[in-house]
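Each chain, letter by letter, is given below.
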Amino acid sequence: MDLIWLIPLLPGLGAAVNGLLGIRYFSKPVAAGIACAAMGGSLLLSLFAFAQLLGAEHREHVVTIANWIPPIPLETVSGVGQFEVPWAFRLDPLSGMMILIVTGIGFLIHLYSSSYMDHEPRGGYVRFFTYLNLFCFFMLMLVLGSSFLVMFVGWEGVGLCSYLLIGFWYHKKSAADAGKKAFIVNRIGDFGFVLGVFLVFFTFGTLDFREVAEAAAHMPVEAAGFGVISIICLLLFVGATGKSAQIPLYVWLPDAMEGPTPVSALIHAATMVTAGVYMVARNAVLFEHAPNVMFIVAVVGAVTALVAATIGLVQTDIKKVLAYSTVSQLGYMFLATGVGAFSAAAFHLMTHAFFKALLFLGSGSVIHAMNDEQDMQKMGNMRRYMPVTFITMFVGSIAIAGIPPFSGFFSKDEILAYTFQENKVLWGLAVITAGMTAFYMFRLIFMTFFGEYRGPSWEKDDDSHGDHGHDDNHGHAWHGPHESPRLMTTPLWVLAVGAIVAGFVGIPAAIGDFIGVGNAIHHFLEPSFTAESAGHGGEHGGLHLSHPVEWALMAFSVLVAACGIGLAYVNYVRRPERAAQWKTNWAGAHRVLTNKYYVDELYDATAVKGTMASGRGLWTFDKGVVDGAVNGAGWLTRAAAWVSHVLDKYIVDGLVNLVGWIFAEGSYVFRRGQTGLIQNYAVATLFGVFVFVTVYVVARYVG
Amino acid sequence: MLEITPAHYTILSAALFSIGVIGVLVRRNIIIVFMAIELMLNAVNINLVAYAQQLQNLIGQVFVVFVIAVAAAEAAVGLGILLAFYRNKETVNIDEMNVMRW
């Protein structure tokens, strides 16, 4: 367990090697090998650490590898505190589960990508794996970080990698825009998160999760009104809505589908978007002390789940359906945390990671087979061409729809049971969402894999390309839909198995008592959600419903899911024309839904336009007033300089020149005499002699 | 028989001197001017010789020898300057010699 710091570091090293050397020098297999090996090593270490954690008596282990921020005296609510943050990683049940998800699914997706991205040019291919490894590095740091600030490093890092990977095909404007949108929307959430962290330090004088939880456990529960803990939780939740795509900040996630499909699977389904749920669960003690915020979280989660599910009903882009499904399922998780069922949220997080990664990778496989076509209206009957993808995606859909004994059933049902206990209205919303989930997932399956083939035709020249068609369909000719290569189907199989069995660790009490198995994950995760010293630890874990009620709830939700599937079957397989009929009969509603409730337009009209307008206003101010002042000062200086120049030229220089001029002009008379002719001078001399002689003679003889 | 008195010498000398002065002042050719200067010097020499005879004093005679020697030197230097001038200006016209102006 002392080596857990290597778990994030290995992908980090992989990213560094691939990024610094690989983009220039490595071939595709070498780069993919390095990336996969880094993830594989990380996975082995995680398994090892997890096994040790299961065996340990005290299931919490903190490893400090270095000092980061030395103690700095900083103001807190109780005098001056020491702001000190070490590079410390915390392995406890929650983070243990998360590192298994991240490294496990991350490893599978690395394998998948090595084949999926094969048609990229070498530089782009290596760059992709660099980003992917970098993402895993930050994600593992996020889940392993033992304090808010270490977590924040990972938090921002995954945001960066998300931006880089959404905009991976940066020459495509829509992809570049989607990347920017994701990054900017996340910034809004991160701002809240950062404020929350500030307030945490100001309130508790520390940023360590455990210390904060212990301190918060001794504070009163803020049942009425909003105290400081409520404000902290609210700010942290703002961060979570950004990262985990909840209302009102969910708009970036559907657009994020512009990225390559493995990225959608890893970042925008299985791991990064669950960071918000993870963060809320990590601070369970804080949230427990803010019941009002818990209620807000639950409402936001339930409404997001419903809204996203309704939008998902009408989308025709296969990845968009899955994206809205992800938003919806994340809403479920927040609903669970909101009603205090943190372990149920974490449980659903895990099962969702399996089946949603599976569904995304399956959709990637389909998109690959259809030569980068994403519109389900141009697919159909794909099960004939790609049986493995069909079977595995079918498993994933059953899992997400909540049919027992697949994993989604257990986790979703636990959430529904807790919600039923807390709030019947929210339970109603959640059940409707569950029905819609089943409907749109099977709509996806039926539109894609059943019915008539509606895609473009292809030339059936020879059958020799039939099986290994992967390489030759991207260059020039496309030989029709085909099953993906082994490197892509293997992760699908593994994830399909995961989607089936992952639920067995959280068998609800009603069934568990019946067959004699306890709710393993619930018990396992419990220490992560309670403060050790608190007397009331574990109280929220209670599900006080009687077994008959639980059975009834389960039966009801299965029934709802079955109805959703049946409806999809009738509308898209038995009588496909009915779907079109619905569309014409409910044209208004259909238009609103296909336009996603016009939320993007609303944000564009308010937030984006507002920001642009204020920016333009500030620019005008800058140009008119600030630049005006500067330019005015410049103009004044120039004017003063001109006056000074005039004075200098006409007064000072004028005086000097006047003196010179007077002498020049005054000397004119004298100059005339100087002819330079020697004879003139001689005449003058002679004249002088005459004068002297005359004077002498006159003086001598006359006077 | 008319006796030649100092007055005659003096008048001859004055006439020669005047001719020299006028020659210096009005002639344009520098060689003529030069010769006019020689005339003036020799007018003085006549005066000196005449008064030396009159006063029975040899100092005047000695002076004349000095004047002839200085005149010879002066003629040599003057002709040198004249030659240099001619090489520069291709003329001996005294009106062209006005470079000593401001």
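Residues numbered from 1 in each chain as written. Chains lettered and ligands numbered in written order. Predicted model: local features only at pLDDT ≥ 70, side-chain atom pairs only at ≥ 80, totals over all residues.

## Topic: the overall build of chain B
As a reminder of what qualifies: Helix and strand definitions here come from DSSP, where helices need a minimum of 4 consecutive H or I residues and strands a minimum of 2 consecutive E residues; each element is numbered from the N-terminal end. Each radius of gyration reported is based on C-alpha atoms, and the globular scaling rule is 2.2 Å times the count of residues to the power 0.38. Counting other C-beta atoms within 10 Å of its own, a residue is labelled buried from 20 upward, exposed at 12 or fewer, and partly exposed in the gap between, with every C-beta atom placed from the backbone. Contact definition: two residues whose C-beta atoms, as placed from backbone geometry, lie within 7 Å.
A count of helical and extended segments in chain B gives three helices and zero strands. The secondary structure elements of chain B, listed N-terminal to C-terminal, are α-α-α. A compact globule built from 102 residues should have a C-alpha radius of gyration of about 13 Å, whereas chain B, at 17 Å, is more than 25% larger. By its C-alpha atoms, chain B is 55 × 25 × 25 Å across when sized along the principal axes. Looking at chain B residue by residue over its 102 residues, the buried ones come to 11%. Intrachain contacts of chain B at a sequence separation of at least 6 include 46% that bridge at least 24 residues.

## Thoughts on the overall build of chain A
Across its full length, chain A holds 27 helices and two strands. Residue burial in chain A is summarised as follows: out of 703 residues, 49% are buried. The contacts in chain A between residues at least 6 apart in sequence include a share of 79% that link residues at least 24 apart.

## As for the packing of helix α3 (residues 93-116) of chain A against helix α15 (residues 342-369) of chain A
Residue and element names in this part refer to chain A. This is how it is decided: Interaxial angle, 0 to 180 degrees, is taken between N-to-C directions of lines fitted to C-alpha atoms, where a helix line uses only the stretch in contact. For this classification, under 35 degrees means roughly parallel, over 145 means roughly antiparallel, 65 to 115 means roughly perpendicular, and everything else is oblique. Amino acid classes used here: Ala, Val, Leu, Ile, Met, Phe, Trp, Tyr, Cys and Pro are nonpolar; Asp, Glu, Lys and Arg are charged; the rest, including Gly, are polar.
Running from amino to carboxyl end, α3 crosses α15 at an angle of 5 degrees, the nearest separation of the two axes being 11 Å. Regarding the angle of α3 to α15, the classification is roughly parallel. Along its contact with α3, which presents Leu 94, Met 97, Ile 101, Ile 105, Ile 109, Tyr 112 and Tyr 116, the element α15 presents Ala 346, Met 350, Ala 353, Ala 357, Leu 361, Gly 364 and His 368. Split into classes, the residues belonging to the contact of α3 with α15 amount to twelve nonpolar, two polar and no charged.

## Describing the environment of Arg 187 of chain A
All names here are of chain A. Take Arg 187: it is sitting in helix α6 (residues 173-204). Looking at Arg 187, the number of C-beta atoms within 10 Å reads 12, which means it is exposed. Expressed as a C-alpha distance, the spacing of Arg 187 and Lys 243, which sit 56 residues apart in the sequence, is 9.1 Å.

## Comments concerning unusual backbone geometry
All names here are of chain A. The step from Ile 247 to Pro 248 runs through a cis peptide bond, and the omega angle for that step is 10 degrees. Along the polypeptide, Pro 248 turns up in the loop between α8 (228-243) and α9 (252-255). For the bond running from Pro 404 to Pro 405, omega is 0 degrees, close enough to zero to count as cis. By the secondary structure assignment, Pro 405 is in the loop between α16 (387-401) and α17 (407-422). We note that Asn 371 has phi near 60 degrees; this positive angle belongs to a residue other than glycine. Examined against the element boundaries, Asn 371 turns out to sit in the loop between α15 and α16.

## Regarding the confidence of the model for chain B
Stated formally: The pLDDT value tells you how sure the predictor is about a given residue, anywhere from 0 up to 100.
Summing up the model confidence of chain B, the mean pLDDT is 89 and the portion of residues at 70 or higher is 97%. Both confidence scores are given for the complex: pTM 0.77, ipTM 0.79.

## As for the packing of α16 of chain A against helix α19 (residues 486-501) of chain A
All names here are of chain A. We count it as follows: If you view the pair so one helix is near and one far, a crossing is left-handed when the near helix is turned anticlockwise from the far one by less than a right angle, and right-handed when it is turned clockwise.
Look at α16 against α19: their axes get within 9 Å of each other, and the N-to-C directions meet at 25 degrees. Considering the angle they form, α16 stands roughly parallel to α19. As for the relative orientation of α16 and α19, their crossing is left-handed in sense. Here α16 contributes Val 388, Thr 389, Thr 392, Val 395, Gly 396 and Ala 399 to the contact with α19, which in turn contributes Thr 489, Leu 492, Trp 493, Ala 496, Ala 499 and Ile 500. Tallied by class, residues from the contact of α16 with α19 come to eight nonpolar, four polar and no charged.

## Some thoughts on the nonpolar core
Rules: In plain words, the nonpolar core is the set of buried Ala, Val, Leu, Ile, Met, Phe, Trp, Tyr and Cys residues that C-beta atoms within 7 Å link up.
Core analysis: the biggest nonpolar cluster contains 215 residues, and Phe 135, Leu 335 and Ala 357 of chain A have the highest contact counts within it. What Ala 357 of chain A contacts, discounting residues up to four positions off in sequence, is Ile 105, Ile 109, Ala 265, Ala 269, Ala 270 and Leu 495 of chain A.

## What to know about the environment of Met 436 of chain A
By secondary structure assignment, the location of Met 436 of chain A is in helix α18 (residues 424-449). With 191 residues separating them along the chain, Met 436 of chain A and Ala 245 of chain A place their C-alpha atoms 19 Å apart.

## Things to note about the pairing of strand β1 (residues 61-76) of chain A
Residues and elements named next belong to chain A. Quick note on the threshold: Note: two strands are recorded as paired if DSSP finds a minimum of 2 bridges between them.
For β1, the buried fraction is low: zero of the 16 residues fall into the buried class. Strand direction decides the pairing type here: β1 and strand β2 (residues 79-91), joined by twelve bridges, are antiparallel. The residue of β2 that forms the bridge with Val 62 is Arg 90. What sits between β1 and β2 in their antiparallel hairpin is a turn of two residues.

## Comments concerning the confidence of the model for chain A
Residue and element names in this part refer to chain A. Averaged over every residue, the pLDDT of chain A is 88; the share at 70 or more is 95%. Overall, residues 462-475 carries pLDDT values under 50, and its contacts beyond four positions in sequence, including any with other chains, amount to twelve contacts. Note that pLDDT drops below 50 for residues 535-540; the model gives that stretch six contacts with residues more than four away or on any other chain.

## Re α17 of chain A
Heads up, the rule is: By definition here, a helix of n residues has an expected span of 1.5 Å times n minus one.
For α17 of chain A, which comprises 16 residues, the first-to-last C-alpha distance of 23 Å matches the rise-based estimate of 22 Å (1.5 Å per residue) to within 8%. Among the 16 residues that make up α17 of chain A, 14 are buried, leaving the element largely enclosed by the rest of the structure.

## With respect to α3 of chain A
Over its 24 residues, α3 of chain A runs 33 Å from end to end, which matches the ideal 34 Å to within 8%, given 1.5 Å per residue. Along α3 of chain A, 23 of the 24 residues are buried, which leaves the element largely enclosed by surrounding structure.

## Describing the environment of Asp 92 of chain A
Mapped onto the secondary structure, Asp 92 of chain A falls in the loop between β2 and α3. Among residues more than four places away in sequence, those in contact with Asp 92 of chain A are Arg 59, Glu 60, Pro 527 and Ser 528 of chain A.

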